[in-house]
Structure formats: C-alpha cells, structure tokens
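Structural features, examined
Each chain, letter by letter, is given below.
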Amino acid sequence: MKTESPRRRPANPATNAGAGKFAASCPQGNVPDAPTALRTPRTNISESNHSTAVHRHGPLLEPSNEDIRNQPTVQPVFLDHMLENHGSSGMLRDSFALLRAPDHGVTSSSLAFFSERRIHSLSQLLGNDRLNELVETIESVIRSRLLAQGPSPISLVTFRKPSDIEEVPLDKVKLYVDSYFDQLHPIYPFLYRKEFEDNIFGPNRAEILGSSCAFSALYHTVLALGCQYHEGGAFDPGNGRAWKLFQVSLGLLSDILIPREALMSLQALVAMSLFTMTTCCLQIDEILLMEAARMAQSLGYHRALANGDERHKSACHRTFWVIYYLEKHTCFQNQKGSMIPDYDIGCPIPDVPESIFGEYNWFLSAIGFGRILSQAYKSLFSVSATIQTREAYHVAIEEIETRLERWRTAVPVNFRPGMPSHVPNVLSSSFSEPGFKMIVLQTNFSYYGLIIALARLKMHIGRQDQPQRQEESKRLLMDTARAVVEGSKSVEMAAHTPNFILAVLPLAALFILFDFVVHNPAHPETRNNLSLLDVAAGHFSLLDYKSGGFLPASLLTEFAHIARQYVKDFSSNQQQQQPPPGELASSIAGSTLDDTEVSTLLNQTNSNNNNNVDLQYNMMESWEPSDYLYYPVTPEMTVHDVPENPMTASFNIQSLFGFVVPQSGHSQ
C-alpha cells in the first residue's frame, strides 16, 4: 500500500503578487501547479512589508507615520543577552562532534545525525549493538583523518611550488580549456572566454604567464579543471595530472593574496575554489572561497562600480555573484554565518546568456537561492535565532517556506525540484549539452538539502503541534530523502563531481531512511524505504570501488543490512505473537506510538470538522493508524519544551570523504 503525500493549499495569487523582480523575470502563469510530494507548505503569512521594499528603487526620504509605525524594532541578538546577563554561559559548540551530535542540541543546517541517546534508543529497538559498533567504526576512520593521527599514505595539501612544472602540449591545452568552458563555465560564468583564450593562444602567452602570477594561477587551474574530464582527475590529493596542474596554482597563492587585490587575482581564487569542491581538496575547501569573499568586498565589487569600461564592470559583477552563491551555500552547509552581508550589496545582476537554458535562467536562480539560504540561516539557524519564541520560529519558518516555494515554482517545470516521479524531468532524460546535467543536479540537490534542514527543524520546534502538522513534516522529510536517493542514480561517479552531490546529501538521505525504517518496521512505506536503502548502499559501494578504496564508503552499506534484518526479525516476532483481534496493538500493525498518541490521532483525523482547512487538503481523515509515521522528536534535546539550541554545531559528515588540515596541538 503506497500512501500519497499530503496535499498543500493551492497557491494564493495575493501572496505571489509580491514576488519581486526575480519572480517577475520567470513567469509562472503558464506552469502547472505541481503535486506536492516535495513541495514546501503554503502559508498565510502576508508579504506586504518586504514586497514593498523589493519594488523601491531608492530610499524613502519622507516616510509616512503609517510606515514608521509598521517598521520593526531592532531585533535583539544573543550578544545582547550576554551583555545584559554578564557571566552567563555562551552558546557552546562541539567542533569535534562526528556522527554523534551533542545530546543537548538539535542538528539544523548541517547534516549531522545520531546523538548518544539516539544511538542508545535505536540500539534498544534493534536489540543488538550493531549500529553502535558501525558508528564507532566510521567515527574512527573520520577521526584518524580529521586529526591526521597515525601514519597515512596520503599527503597533506601543501602550498609549495612543484619542483618541476609539466608542460602541457597545445592540443591538450585546447582540449582542457574547451572542456572547462563546456562543463563548468555555464554553472560558474565568471570569465569571458574570448578574452581568456586570446591570452593563452596569442603570441604573448609566455610573457603573460611569466609576468602575472594571478593569470598563471588562473590558467593552470582552468587546465586542471578541464583535465578532470579526461581521466586526469583523482579522488585523493597529490595524484593525477589535474592535481599536478593545480599544485602550480597552490604554489602561487601567496603571490595572489599578498599584493594589492585585483580582478585577475580574484578570478584565480574563484577558479581554485571550484577545484576544492571535490574530494581531493577537502583540507582546503573553505579557505580559498573565504579569501575570495573577503577580496571581493575589499575591491568593492559588492557595490555598483562607477569606473571602468563595460567589459571590466561586467566581469566584476559576474565574479561577485558567482562568489555570492558559492559562499552562501558553503556557509549554510557548514553552519557558519556568511561573510557577505546582504544588506550591503548594491552590485547589479548582469545578463549571462551562457547560463540560460531555454526558459531557465540558472545564474539568476542560483543567486535567488543563495539569498534564501542567507535568510534561513539568519532567522532559523544562527545563534541569535535560538532566543526567539516558538511562535516566532513558526512565523520565520513559514516565511522561508513561502520564499522557497516561490523560487521553486519559478524554475521551469522540467528542471523543477520536488516534482512527482510521473512528471518528466531532465534528470531522467538524455543530456544534449555538456554541463547541463550538473546544473539540474545542483538545482535539485540544493533544494533538497534546505528542505531536509527545514523539515527536521519543524519537527523539533513543533513537537506540540497538531498531529497532522507533524505528519506533514515527517512525510516531507521521508519523501525528500527518497528523492535524493532516486536522483543519485544520475550522479556521475567521478573525481570532478562536487562532494555535496557525490556523497554528503546521499549520506544524509541514507541516514533518514534508516531512521524511518527502524522506527516504522510494519509501516506500508517501509518496503519501499528498504528498497531505496539498497539503492543508496549500491551508490556508496560503487563510490568505494571508483575511488580505489580512498573513500571508505562501503562501510555505509551496513546500514541497509541492519535495517533489513531488523524488519525481517520484527515480522517474524509479530507472526509468532498473533495478538487477539480488536486490540489496539493489532490495529496499529506494529506502530511504536503509545495508546495516548494513537487515541489523539484517531480523534484528530476522524473528527467531522468541516472548517479545518488543513484536514480538507491533506486528506488524512481516511488514514488508518498504521498509516502514520513515527519519527522520534527526542525530549532530552529540549529544556522546558523550548529547544535549548536548535543549531548546535555538529560534525560535517563530508569529513568521511576527505581530509582536513590537522590543527596545531594535535599529534601527527
């Protein structure tokens, strides 16, 4: 029996009226409203205040009394609390939490899992210690890499110039440059191809490379990026032809950072940042991008430029906005505040024809999504967000969901994330243009990552909500994890695939489905979830194989084995027990809900309340108790029913797939 996801309310035209310039540039009138398997819920939040702000092109010099009354007061931050309560404890973060998040906190924008109590609870359900042993094994692998403890055949990333620089034949240069502009440039369009190629194929090539460290670093990184598409890439640092080319750029880093900033230096940093998104560069994945964000603001590119010719200004604008959406995504996933304050941006968004695919303006869409990530982190996942009331949390979540749904429906239907499987999607079709597939994956996986963060947060914040609202969050979380696993079949097992798409989000989906299976062994959807766990296990087995064992991803297949064995044992035990007909235990078919929860669910879903719009739209009245999902919202993570810290930092699970520079003080 396959249950449908709850339906959401139809779109409210009044709400969409304030969508602003971004939504206006992507008309939605001719796009059918999608079924809601993975859509964020509609809300009744009025957007009149910020829609007005969007349409203003200058400051309001003489605000009316009504405007003044409606202006919000300055919102307090956690620092204000500490200043007023001197001596109070700060908001602690365990920077060395691995798969096990601290018991006193709830994971949020990061994708860490498993508190000690969660592992203990799951182990009790499983009736064995297999999960605990598996987590300990994985943590041991991660910790040895994270702290660089013990001997390792893998070299640490260094910033030394190579002893000899390999000369690349001109035909190979042409091949690598073509691959770069075909595969990556449409996604990150910060260069002008003609200008770049005029320099590297012109008569002054040797002179330019010899006189400009920034251009040499840019040149060698572009070659390294293109080389990855021609058997030159490697999953581990120090190996492969692409790495040898990239090492030249790393050796020039001090010559890029120390002199006065310039556009060419910034573009070199952006290109190098793209290379570090893969598994071979996790030691330095944030360093270069943060330097690029700092340099862009030091150059003033976040503001509209008054000087320079149009070509130079457009290159500056392009470069800034590529940095913007790269940095926003990285900071959100790593649970850190952005270095680029949105309130101080005046840089216009240029037209980039290379990043438009039919009706889909990827460049504009990526910037819009970066803005949503920035808003979500500030209002939901920052330290100061934790001091707001439960009601304020709900309002903030609904506003982010409204913005996210507006962004999603602005994406053309064939590209759009969150669509049901019967709607044609380019992920399941052929890809005629190089780089096109990665744009679709970036769009879908970025959306799914944010949905997972929001769904988990809603479940913790809204523990006392009506059961149907909690059920919507659970369904959304499960359906999103499923979509990630299904989408992972389109992910290329190659060294050039970004780590977030290759491993991090599929791993989060595996964890979520494992949790749902163990807590709902007799649920109608468990069979499907077990099948998808097997798909995810196959994904990681192949990744282990393709990386030659560098990525120990085959360890993760054990989650599927544990889950399947548990469901099998549970089914056998149920058949042996054969409870008498009519008992509640029989009616819930193995659900782990207690009597009070089941009674509440039955009263809520069977009540004849025609005024309850939620019940009319989510079609939950006809469900049997066994259709409800159980997913633990652990009370030990809260204080007085209010989350103590829903953004407590947890382990960034991508460390399983790479290495980090050891910190001083740790043994080598």
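As the structure is a computational prediction, the values presented were derived from the model and not from experiment.

Along the protein, the regular secondary structure elements total 26 helices and four strands. Counting over 668 residues, the protein shows a buried share of 54%. Counting only contacts in the protein whose residues sit at least 6 apart along the sequence, the fraction spanning at least 24 positions is 78%. When the accessible surface of the protein is summed, it comes to about 29300 Å², and 51% of that surface belongs to carbon and sulfur atoms.

Right, let's get into the packing of aromatic side chains. Scanning all chains against the criterion turns up 22 aromatic pairs. Measuring from centroid to centroid gives 6.0 Å for tyrosine 325 and tryptophan 362, while their planes differ by 75°, and the two rings are edge-to-face. Taken together, the residues tyrosine 325 in helix H16 (residues 310–333) and tryptophan 362 in helix H17 (residues 362–381) connect sequence positions 37 residues apart. Geometrically, the ring pair formed by phenylalanine 514 and phenylalanine 559 is edge-to-face, given 5.2 Å between the ring centres and 80° between the ring planes. Placement of phenylalanine 514 in helix H21 (residues 499–519) and of phenylalanine 559 in helix H23 (residues 557–577) is noted, with a sequence separation of 45 residues between them. Of the two residues, phenylalanine 514 and phenylalanine 559, both sit in the buried class. An aromatic cluster is defined as three or more aromatic residues linked by ring pairs; in this entry it consists of Phe369, Trp407, Phe445, Tyr447 and Tyr448. Residue placement shows arginine 318 over the ring face of tyrosine 192; its charged tip is 4.6 Å from the ring centre.

Turning our attention to the environment of histidine 302. Position of histidine 302 among the secondary structure elements: in the loop between helix H15 (287–298) and H16. For histidine 302 and histidine 317, which are 15 residues apart along the polypeptide, the C-alpha to C-alpha distance reads 8.0 Å. In contact with histidine 302, other than residues within four places in its own chain, are Ala296, Gln297, Phe320, Asp344, Ile345, Gly346 and Cys347.

Another point: a nonpolar patch on the surface. A contiguous nonpolar patch, built from Val77, Leu79 and Leu83 and spanning about 280 Å² of accessible area, is present on the exposed surface. With respect to the helices, strands and loops of the structure, valine 77 is situated in the loop between helix H4 (65–70) and helix H5 (78–84). Note on valine 77: relative accessible area 35%, which makes it partly exposed.

Bringing the side chain of aspartate 178 into the picture now. With respect to the helices, strands and loops of the structure, aspartate 178 is situated in helix H8 (residues 170–183). A distance of 2.8 Å separates a polar atom in the side chain of aspartate 178 from a polar atom in the side chain of lysine 174. Setting aside its immediate chain neighbours within four residues, aspartate 178 contacts Arg193 and Glu197.

Within the secondary structure, leucine 373 is located in helix H17. Sequence-wise, leucine 373 and serine 338 are 35 residues apart; in three dimensions their C-alpha atoms are separated by 9.8 Å. The residues touching leucine 373, leaving out its near neighbours within four places in the chain, are Lys328, His329, Phe332 and Leu450.

A complete count under the given rule lists 18 salt bridges for this structure. For the salt bridge of lysine 336 with glutamate 286, the shortest nitrogen-to-oxygen distance reads 3.1 Å. Of this pair, lysine 336 sits in the loop between H16 and strand S1 (356–357) while glutamate 286 sits in the loop between helix H14 (263–275) and H15; the two residues are 50 residues apart in sequence, bridging distant segments of the chain. Look at lysine 336 and you get partly exposed, because its relative accessible area is 39%. A salt bridge links arginine 318 to glutamate 354; the shortest N-O distance between them is 3.0 Å. Taken together, the residues span a long stretch of sequence, with arginine 318 in helix H16 and glutamate 354 in the loop between H16 and S1 at a distance of 36 residues. Residue arginine 318 is classed as buried on the basis of its relative accessible area of 3%. Glutamate 354 sits in the partly exposed class, given a relative accessible area of 30%. Several salt bridges share partner residues, and in doing so they unite Lys174, Asp178, Arg193 and Glu197 into one network.

Turning to the packing of helix H9 (residues 193–201) against helix H11 (residues 213–227), a few remarks are in order. Describing two packed helices takes the angle between their axes plus the distance from one axis to the other. Relative to each other, H9 and H11 sit at 100°, their axes nearing to 12 Å. Relative to H11, the element H9 is oriented roughly perpendicular. In this structure, H9 contributes Phe196, Asn199 and Ile200 to the contact, and H11 contributes Phe215, Leu218, Tyr219 and Val222. Looking at side-chain class alone, the contact of H9 with H11 contains six nonpolar, one polar and no charged residues.

Moving on: the packing of helix H20 (residues 467–487) against helix H22 (residues 526–546). Across the interface, H20 lies against H22 with an axial gap of 9 Å and an inter-helix angle of 40°. Between H20 and H22, the crossing angle belongs to the class labelled oblique. The chirality of how H20 crosses H22 is left-handed. In this structure, H20 contributes Met478, Arg482, Val485 and Glu486 to the contact, and H22 contributes Asn528, Asn529, Leu532, Val535 and Ala536. Residues of the contact of H20 with H22, tallied by class, amount to five nonpolar, two polar and two charged.

The next point concerns H22. Taking 1.5 Å as the rise per residue, H22 with 21 residues should run 30 Å; its terminal C-alpha atoms sit 30 Å apart, in good agreement. For H22, the elements touching its buried residues are H20, H21 and H23. The positive-phi residue at the C-terminal boundary of H22 is glycine 548, with phi of around 65°.

As a further point, take the environment of lysine 378. Inspection of the secondary structure assignment puts lysine 378 in helix H17. Assessed through its relative accessible area of 66%, lysine 378 is described here as exposed. Considered as a pair, lysine 378 and phenylalanine 332 are 46 residues apart in the sequence and their alpha carbons are 9.8 Å apart.

Right, let's talk about unusual backbone geometry for a bit. Even without glycine at this site, glutamate 231 takes up a positive phi of about 60°. With respect to the element layout, glutamate 231 can be found in the loop between H11 and helix H12 (241–251). When its relative accessible area of 79% is taken as the criterion, glutamate 231 is described as exposed. Phi angles above zero are rare outside glycine, and glutamine 335 is one such case at about 60°.

Between its first and last C-alpha atoms H11 spans 21 Å; for 15 residues at 1.5 Å apiece the expected length is 21 Å, and the two agree. Most of H11 sits out of view: 14 of its 15 residues are buried.

Okay, the confidence of the model for the protein next. For the protein, mean pLDDT is 74; residues scoring 70 or higher make up 65% of the total. Counting contacts from residues 42–69, a segment whose pLDDT is below 50, to residues more than four positions away or on other chains yields 24 contacts. Under a pLDDT of 50 for its full length, residues 91–108 has, in the predicted model, 82 contacts with residues more than four places off or in other chains.

Conventions used here
- Residues numbered from 1 in each chain as written.
- Predicted model: local features only at pLDDT ≥ 70, side-chain atom pairs only at ≥ 80, totals over all residues.
- Heavy atoms only, no water.
- Helix = DSSP H or I, 4+ residues; strand = E, 2+ residues; numbered from the N terminus.
- Buried < 20%, exposed > 50% of the residue type's maximum accessible area, 1.4 Å probe, protein only.
- Contact = heavy atoms within 4.5 Å.
- Areas by Shrake-Rupley, 256 points an atom, 1.4 Å probe, with all protein chains shown as cover.
- Phe/Tyr/Trp six-rings, centres within 6.5 Å; stacked < 30°, edge-to-face > 60°.
- Lys NZ or Arg CZ within 6 Å of the ring centre and 35° of its normal.
- Patch = residues over 30% accessible without salt bridge, like charges linked within 9 Å, V, L, I, M, F, W, Y side chains within 5 Å.
- Salt bridge = Lys/Arg side-chain N within 4 Å of Asp/Glu carboxyl O.
- Polar contact = N/O pair within 3.5 Å; in protein donor to acceptor, adjacent residues only side chain to side chain.
- Axes fitted to C-alpha atoms, helices over the stretch in contact; angles between N-to-C directions.
- Parallel < 35°, antiparallel > 145°, perpendicular 65-115°, else oblique.
- Nonpolar A, V, L, I, M, F, W, Y, C, P; charged D, E, K, R; others polar.
- Left-handed = near helix turned anticlockwise from the far one by under 90°.
- Expected span 1.5 Å × (residues − 1).
- pLDDT = per-residue confidence, 0-100.

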